[in-house]
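# Structural characterization, general
Chain residues, written in single-letter form:
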Amino acid sequence: MFKSLVTGLRALFRRERRNADIQSELDCFLQASIDDKLRRGLSSDQAVSAARAEIGSAETVRIKVWSAGWESAADALLQDLRFAVRQLRKNPGFAATAILVLTLGIGAAVTIFSFVDAALIQPLPYAQPSRLAIVYESNTLGPHFHLSYLDWLDYQRRNTVFTSLEAFANYGFMLATPDGPQPVHGTRVTAGFFRTLGVSPVLGRDFRPDDDQPAAPFVALISYSAWLHRFGGGRNIIGQTVTLSGNVTSIIGVLPPSFHFAPAEPSEFWGTERPDGGCEKVRGCHNLIGLARLRPGVGFAAALADAQRIGLQLAQQYPGDDHGRGATMDPLVDAILGSIRPLLLMLLAGAALLLLIAAINVSSLLLVRTERRRREMAVRGALGASSSRLVSQFLTEGIALAVFAGALGLGFAFLLIRLVLGLIPKDFLDTMPYVRAVGLNAHVLAFTALVTLIAAIIFSLLPALRVSHADLRDGLQEVSRGASGTVWRRFGSNLVIAELAIAMILLVGAGLLGKSFYRLLHVDTGLNADGLATLDVSGTIKTGTEPEWISFERRIHAELGALPGVASVSITEQAPLGDGDGSSNFVIVGRPPVDHNEVIIRDVSAGYFSTLQARLVRGRFFADDEDQSRQRVVVINQQLAKLYFPGEDPVGQQIAMEDGDQKSPMLVIGVVDTIQEGQPDAAPQAAMYRPRNQNPSPPNDGFTVVLRTGQSESSVLSEAASAIHAANPTLAVSDPGTMLQKLYDSPSATLHRASAWMVGSFAALALLLSVVGLYGVVAYSVSLRTREIGVRMALGAQRSTVYRMILREAGGLAMVGIVLGLAGSLAATTLLGKLLFQVRAWDVTTLAAVSIVLAIAALVASFLPARRAASVDPTEALHAE
């Protein structure tokens, strides 16, 4: 077999030498035959003639020799391929259109699949990830809130369903540098965190069980990226020390390059969560998230029930801190991919529909071309070409077309992946570390090969099935053209209807997502984001007294307020449009305690609401002199007033924190319009605002400065950062930005924007392809009916009649496609429910607008063929036919 293979390959790649060898053998055989015949007594001429007659035609012998081996089939295939390429080059318009359309379809599908592969197909880099779960505590604001350190200890001790239960908090660190403190991304974890995940460092060691105890020296692991880019990738990193948040910390290990943990990303430093922190000693201070590994044989439902049992016990045992709280759990996979999974699946469905439209379009082009080649095939059949030989030619042409488009589609996908990654904001991209795996890996290449194979099968078999052997015989007869053209018109019309229906579904999806994104960007946030800038301030050194802290903030107010372009300044512990975290229970003085009264709390400076330009609904705002020497006061938002003071005036009522000093209640002095504290698409939440002068906190605890500017926000931020650093060099300033950018780049806005742009791009391409497909069908139909139109006009038909006839035909196709598309849209868009914001899946305005756009596009696509039909000269048409 090996010898046959080598001989065959040699024959294929050395054709001339092989023919020379055959000729040489023929010459030898001829000479031997001539000599034999001369010895038998024939004359020289007789011997030559007899020998030639005995051997036969040299060409026939050569063909027989070639066909004896496997290489003859391969040679025929190569000939067909060369012929197919020549055919594509002879028809550049058809070839370019078909390859371009298919390239777009394959490229879009491969691009989306590469993201699906990275997020949903490739396994998470943990041991048995399906056995891992995230443990939260629930409260009246929602199911996903933090645990306190003491609660975590109780969950750890009392549960019977977890092999291990660890905790983490991703609040970052302050890294000491020669230029001053620098905020760095980091996470504090309990000692068994990485063992629970089943992850081991590639360099150094993991945390030991006692590394998170108060007496242990501070140690940290670093990410692989931090090792390479911050520390130069040297193996001597182990044992080096850095100062994190004021603590000299030894680096003990480097995590694997493939490791990521999205709930805590981006993290460069992984330190230990220790019980001697201020918050860790207070049960009411919730700052941790649990990470659990289920025991073998324990299902998720049983584990959740056990956690809820413990949560109920804690709520009853510690009513002051855990009142109204409970336990919730999510599989780790859902916690990481829960928000991105429906988006990716929706985009994959959109890309599949676009690929389907592209395939239908190319199929239509191939069928038109096949109809035009019917006579050519018939002639070749009449000259002796077998049916298998002709079918083989169709197969080869289809394969060549699909392979060209597949290769170009792969290159297009490579560029598109880079483009999409570049459009995702870096902060949002950092929270999706699994996206790092996006690229042309083995899975993506296999998917491309599969799509190309399917395309090759369709584009090969479809023309071959359209031209049967009987059709080839009939192809020489003129009468067959009309019959076959009628059949094709019906088939092509069905394809166009399918294209229009699919385009309608994609356009409706794009319209709904675009409208949803617009509503999100224009949601009522309770503030005027235009002209607002924010920057975060944090430090490591706790110094001074409460009066000094208040004095420092007043100095910051004064210095920043004096900067050119700054209209007003205020300070808050958290800026609006954040994660909506930071809540506590409260009681209304004079009323019995009630369940489920947890609200968001923000300590803000005087002038905060005027800086935000928030609307005062009732009462008044704080004054700067309302400090600890005055009556404690609070401003509540309208949502809190609606929930807890329905039908009454809350101004003048007194409320107190459930976990605080209830002997010093706060007087409600005002009601402000509800400011969006969480993500733009989150439901409005009840919130109260306390004056910072009555609740002072040290500057190193961190705060956010909010500036209202009368000029470009970016020009003010750098001067503000310099002023803060000059006022206290131990403080670091980070995340400067505008409120508009904060809104635009928020995770929810990014998801809505990405989905709207991607589906919108698919829909635009689908609209273009479907319109081109409709144009092709109508134009080809007109070309087949030239004689009919000529006869009609010769018999007196007006040009307007021809216009109406063609446009009526095209309009019928468009109408059927739109109606089917509407039905499909209603079914498909119900799956978009979770991705829509303040827009219903059956939004009548969107459905009507898309129908009108598609109808107008179909009318425009049909006008040119109709115009050509109306311009037919009856005499010339009849003469040509």
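Everything numeric in this text was worked out from a predicted model, so none of it was measured. (Residues numbered from 1 in each chain as written. Predicted model: local features only at pLDDT ≥ 70, side-chain atom pairs only at ≥ 80, totals over all residues. Heavy atoms only, no water.)

## A few points about the overall build of the protein
Definition in use: Only DSSP runs of H or I covering at least 4 residues are called helices, and only runs of E covering at least 2 are called strands; the numbering of each starts at the N terminus. In this description the radius of gyration comes from C-alpha coordinates, and the expected globular size is given by 2.2 Å times residues to the power 0.38. Under the scheme applied here, a residue whose accessible area is under 20% of the maximum for its type counts as buried, over 50% as exposed, and between as partly exposed, the area being computed with a 1.4 Å probe on protein chains only. Any pair of residues with heavy atoms lying within 4.5 Å of one another is described as a contacting pair. Using a 1.4 Å probe, the Shrake-Rupley method yields the accessible areas, and only the shown protein chains count as cover for residues. His is not counted here, nor are the chain ends, while Lys and Arg score as positive and Asp and Glu score as negative. Charged groups are reduced to one reference atom each: NZ for lysine, CZ for arginine, CG for aspartic acid, CD for glutamic acid.
Regarding its fold elements, the protein presents 29 helices and 25 strands. Over its C-alpha atoms the protein spans a radius of gyration of 38 Å, topping by over 25% the 29 Å that the globule rule assigns to 881 residues. Counting only C-alpha atoms, the protein reaches 135 × 80 × 55 Å along its principal axes. Within the protein, buried positions represent 49% of all 881 residues. In the protein, 82% of the contacts between residues at least 6 apart in sequence involve partners at least 24 apart. Of the roughly 39900 Å² that the protein leaves accessible, carbon and sulfur atoms contribute 60%. Taken together, the 77 basic and 77 acidic charged side chains of the protein have centroids lying 12 Å from each other.

## A word on the environment of Ser 605
Mapped onto the elements, Ser 605 comes out in the loop between strand S18 (598-604) and helix H21 (608-612). Counting along the chain gives 90 residues from Ser 605 to Asn 695, while the straight-line C-alpha distance between them is 10.0 Å. Filtering out sequence-adjacent residues up to four positions away, Ser 605 remains in contact with His 557, Ser 570, Ile 571 and Arg 692.

## Structural notes on empty space enclosed by the protein
A probe as big as a water molecule, rolled over the atoms, marks out the empty space that is left. The line we're drawing: The rule is simple: put a 1 Å grid over the protein atoms alone, call a set of points where a 1.4 Å probe fits but cannot get out a cavity, call an open set with protein on both sides within 12 Å along at least five of seven lines a pocket, and count a residue as lining if it has an atom within 4 Å of a point. Grid points are joined across faces, edges and corners, and a volume is the space filled by probe spheres set on the points. Side-chain classes follow a simple rule in which Ala, Val, Leu, Ile, Met, Phe, Trp, Tyr, Cys and Pro form the nonpolar group, Asp, Glu, Lys and Arg form the charged group, and the remainder, Gly included, forms the polar group.
All chains considered together, the criterion is met by 1 cavity of 30 Å³ or more. Of the volumes computed, that of the largest cavity is approximately 90 Å³. Every element with two or more residues in the lining of the largest cavity is listed here: helix H13 (341-372), helix H15 (387-423) and helix H17 (442-466). Per element, the largest residue contribution to the lining of the largest cavity is 4 residues, and it comes from H15. Looking at the lining of the largest cavity, its residues break down into 7 nonpolar, 2 polar and 3 charged.

## Focus on the UniProt feature "transmembrane region" (unreviewed entry) in the protein
Heads up, the condition is: UniProt positions are given in the numbering used here, feature names are shortened, and annotations may be inferred rather than shown by experiment.
Under the UniProt annotation, "transmembrane region" (unreviewed entry) lies at residues 94-116, 343-368, 399-424, 444-465, 491-513, 756-782, 813-832 and 844-864. Between the C-alpha atoms that bound residues 94-116 there is a distance of 33 Å. The span itself is 100% helix and 0% strand. Note that residues 444-465 is 100% helix and 0% strand, and that its end C-alpha atoms are spaced 31 Å apart.

## What about the UniProt feature "domain: MacB-like periplasmic core" (unreviewed entry) in the protein?
According to UniProt, the feature "domain: MacB-like periplasmic core" (unreviewed entry) maps to residues 96-258 and 500-716 in the numbering used here. Structurally, residues 96-258 comprises 29% helix and 33% strand, and the distance from its first C-alpha atom to its last is 42 Å.

## Some thoughts on unusual backbone geometry
Across residues other than glycine, the phi torsion is negative in most instances, and most of the peptide bonds are trans. Glu 265 connects to Pro 266 through a cis peptide bond whose omega is 0 degrees. Mapped onto the elements, Pro 266 comes out in the loop between strand S11 (247-254) and strand S12 (269-272). Positive phi, normally seen in glycine, also occurs at Gln 128, with a value near 45 degrees. Locating Gln 128 in the fold gives a position in the loop between helix H6 (92-121) and strand S1 (132-139). Residue Leu 577 is not a glycine yet carries a positive backbone phi of 60 degrees. Note on placement: Leu 577 falls in the loop between strand S16 (566-572) and strand S17 (583-588).

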